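Survey of secondary and tertiary structure
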Amino acid sequence: MTIILAIETSCDETAAAVIKDGTTILANVVATQMESHARFGGVVPEVASRHHVEAVTAVVEEALEKAEVTFSDLTAVAVTEGPGLVGALLVGIHTAKAIAFAYQLPLIGVHHIAGHIYANQLVQPMQFPLLALVASGGHTELILMKEDGVFEPIGQTRDDAVGEAYDKAARAMKLPYPGGPNVEKLALEATEEINLPRSWLEKGSYDFSFSGLKSAVLNRIHNDQQKGIDTNFAALAKGFQESVTDVLVTRTVTAYDEFQPKQVLVAGGVAANKGLRQALENRLANKVELVIPPLHLCTDNAAMIGACAHQMWLSGARGDLSMNGRPGMPL
Ligand code: KG4
Ligand code: ZN
């Protein structure tokens, strides 16, 4: 049996979880800083680091308490090593290092995106080869995995990540941060839709591009202003969401057709989007096992870091006390 304490502080959530045998969540605590960042319209790195410092000890203690374990019951301590905001990452890393040193525990450094993908292991056993669609605030990638722990990116965004595009579009529509859930909510109120472009790039490519879509949103608002028209934001939100969903789903289905994986997994904060979940289900559920984690495991959390760390533990990965934050860590 393994019991892993996992810590995640790469962005604006201070999170700790206790995971048994890589699949059972004994505790999953998330302290969000969203309100503090909302008034700035996005995550302010320095503010994030300070909040992590204030929250991390209490969050770890709460996770251990909820799991009814102590430090001496742990097999290892895992932490997000990168990518992310370096000051934010360092808070989690120093906490994990201190625990590892004090209790003589092995330390495992986890890649944040690998964590998002392994969140699925908490839902259903992963089967290879699998195709993962990663859609978060910092990433938009299609990744093929032929075996545990080996990631083969087949497509990625060439400019904005899809979550970032949601957040920027939201700001243009005067919606608060984080943009994704607010754009989704507003789109539900729409009685019509403003048609927006889709960026398909060149034939055969699995890459994405969302900056043109973001510009289309800004241009529409600007042009309406010039004409003295109030933009129908609900219709614009719906058009934005339809464009994003169409591109993500079409690319994923094309990749499924080419690579014939046994499973298709969805990961990252944007996987919380109900329209995207529904569209993927409509297009893929009758062809392949489609696994989408519940909402609280889609957005940043430490349970996913613990699930990934378990697989790394089994394959012998061990970090040491020289571990440092790696903002641009490759997968
Ligand atoms: O994975 P995540 O929690 O943090 C990163 O690692 O980036 O993803 C956050 C992103 C934000 O851009 C947020 O706007 C987006 O996920 N998001 C959504 C939804 N919920 C969160 N986007 C669309 N629809 C949602 N319901
Ligand atoms: Zn994330």
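Keep in mind that this is a model prediction, so the values were computed, not measured.

Structural notes on the site of ligand 1
For ligand 1, the set of nearby residues contains 19 residues, the closest of which are Gly-137, Gly-163, Gly-180, Gly-269 and Asn-273. Residue assignment for the shell around ligand 1 shows that the elements contributing at least two residues are α5 (162-172) and α6 (179-188). Element by element, the count of residues in the shell around ligand 1 is highest for α6, at 4 residues. Residue composition of the shell around ligand 1, grouped by class: 6 nonpolar, 10 polar and 3 charged. Lining the shell around ligand 1 are residues from two domains, each supplying at least three of them: domain 1 (3-118 + 298-314) and domain 2 (128-292).

Some words on the environment of Ile-7
Topologically, Ile-7 is positioned in strand β1 (residues 3-8). Separated by 303 residues in the primary sequence, Ile-7 and His-310 place their C-alpha atoms 13 Å from one another. Residue contacts for Ile-7: discarding those within four places in its chain leaves Ala-16, Val-60, Val-79, Gly-92, Thr-95, Ala-96 and Ala-302.

Let's talk about the packing of helix α7 (residues 211-226) against helix α8 (residues 233-259)
Two elements in contact, α7 and α8, have axes whose closest approach is 11 Å; the angle formed by their N-to-C orientations is 165 degrees. Accordingly, the angle class assigned to the pair α7 and α8 is roughly antiparallel. As for how α7 packs across α8, the hand of that crossing is right-handed. Contact residues: α7 offers Leu-213, Val-217 and Arg-220, while α8 offers Leu-236, Phe-240 and Ser-243. Residues of the contact of α7 with α8, tallied by class, amount to 4 nonpolar, 1 polar and 1 charged.

Basis of the calculations
The residue numbers shown here count from 1 along each chain, following its written sequence. Key to labels: chains lettered from A, ligands numbered from 1, both in the order written. Reporting of local features is limited, given that this is a predicted model, to residues whose pLDDT is at least 70; pairs of side-chain atoms are given and counted only at 80 or more, and all residues count toward the totals for whole chains, interfaces and linings. Should the C-beta atom of a residue, placed from the backbone, lie within 6 Å of a molecule or strand, that residue is near it. Per the convention used, a helix needs a DSSP run of H or I reaching at least four residues, while a strand needs a run of E reaching at least two, with both numbered from the N terminus. Residue classes follow a fixed rule: Ala, Val, Leu, Ile, Met, Phe, Trp, Tyr, Cys and Pro count as nonpolar, while Asp, Glu, Lys and Arg count as charged, and any other residue, Gly among them, counts as polar. Domain start and stop points were drawn from an automatic or database domain assignment. Distance between backbone-placed C-beta atoms decides contact: two residues are in contact if it is within 7 Å. All axes are obtained by fitting lines to C-alpha atoms, using only the stretch in contact for helices, and the reported angles, taken between N-to-C directions, cover 0 to 180 degrees. Between 65 and 115 degrees an angle is taken as roughly perpendicular, under 35 as roughly parallel, over 145 as roughly antiparallel, and anywhere else as oblique. Left-handed describes a crossing in which the near helix is turned anticlockwise from the far one by less than a right angle; the clockwise case is right-handed.

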